[in-house]
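Coordinate inspection notes
Each chain, letter by letter, is given below.
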Amino acid sequence: QVQLVESGGGLVQAGGSLRLSCAASGSIFSITAMGWYREAPGKQRDLVARITTSGSTNYAESVKGRFTISRDDAKNTVYLQMNSLRPEDTAVYYCNAQVRGYQYWGQGTQVTVSS
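Note that the structure is predicted; figures quoted are calculated from it, not measured.

The rules behind these values
Residues numbered from 1 in each chain as written. Predicted model: local features only at pLDDT ≥ 70, side-chain atom pairs only at ≥ 80, totals over all residues. Heavy atoms only, no water. Disulfide = S-S within 2.5 Å. Helix = DSSP H or I, 4+ residues; strand = E, 2+ residues; numbered from the N terminus. Buried < 20%, exposed > 50% of the residue type's maximum accessible area, 1.4 Å probe, protein only. Phe/Tyr/Trp six-rings, centres within 6.5 Å; stacked < 30°, edge-to-face > 60°. Lys NZ or Arg CZ within 6 Å of the ring centre and 35° of its normal. Pairing = 2+ DSSP bridges. Axes fitted to C-alpha atoms, helices over the stretch in contact; angles between N-to-C directions. Salt bridge = Lys/Arg side-chain N within 4 Å of Asp/Glu carboxyl O.

Details of the state of the cysteines
- Applying the stated criterion across every chain, the model contains 1 disulfide.
- Each disulfide pairs two cysteine sulfurs, and for C22 the partner residue is C95, the sulfurs being separated by 2.0 Å. Disulfide C22 to C95: torsion about the S-S bond roughly -85°, handedness left-handed. Of this pair, C22 sits in strand β3 (residues 18-26) while C95 sits in strand β9 (residues 91-99), and the two are 73 residues apart along the sequence. Here C22 and C95 have matching classes, each one buried.

Written out as structure tokens, the structure reads:
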């Protein structure tokens, strides 16, 4: 099994930046992709960014050019650098790890962007 722990959320002003971290532990060798999803109250949990073990990335259209996903294999950690934040980016951000046939989720970290 895989355990995921997010950190780095907080309150920022519109136009500001924030860096989220997701530390993975357990059977990390089995992970084929990791990503960040976000969920605002009453809304669906949506993909923000994703990165595969080979380094391929994809992003939600709404964050392209503003957010960057990256990983540090030595630290078993995935990051989400968020720049030019907007109030509509406010949500709980969840780290996700894909193992063939299963998805693991972190506990979530709150990101709030004020006007």
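Moving on, there is more to tell.
What to know about the packing of aromatic side chains
- All chains considered together, the criterion is met by 2 aromatic pairs.
- Aromatic side chains Y37 and W105 sit 5.0 Å apart centroid to centroid with 70° between the ring planes, which places their arrangement in the edge-to-face category. Of this pair, Y37 sits in strand β4 (residues 31-39) while W105 sits in strand β10 (residues 102-105), and the two are 68 residues apart along the sequence.
- Taking the relative accessible area as the measure of exposure, W105 reaches 36% and is therefore partly exposed.
- Ring centres of Y102 and Y104 lie 4.8 Å apart, and the angle between their planes is 65°; on these two criteria the pair is classed as edge-to-face.
- Its guanidinium or amino end placed over the ring of Y79, R19 lies 4.2 Å from that ring's centre, counting from NZ or CZ.

Topic: the sheet that holds strand β1 (residues 2-7)
- The antiparallel open sheet is built from 4 strands, whose spatial order is β1-β3-β8-β7. A single partner strand is all that each edge strand has here, and the edge strands are β1 and β7 (67-72). Taking each pair of neighbouring strands and ignoring which way they run, the sheet shows an average axis angle of 20°.
- In this structure, β1 lies alongside β3, joined through 6 bridges in antiparallel fashion. Each bridged residue has a counterpart across the sheet, and for S7 the counterpart in β3 is S21.

Examining the pattern of salt bridges
- If you walk through the whole model with that rule in mind, you get 5 salt bridges.
- For K64, the salt bridge goes to E61, with nearest N and O atoms at 3.2 Å.
- The class for E61 is exposed, based on a relative accessible area of 62%.
- Put simply, D89 and R66 hold a salt bridge, and the shortest N to O gap is 2.8 Å. On the criterion of sequence distance, the pair formed by D89 in the loop between β8 (77-82) and β9 and R66 in the loop between β6 (57-59) and β7 is long-range, its members being 23 residues apart.
- Linked through salt bridges whose partners overlap, the residues forming this network are R38, R66 and D89.

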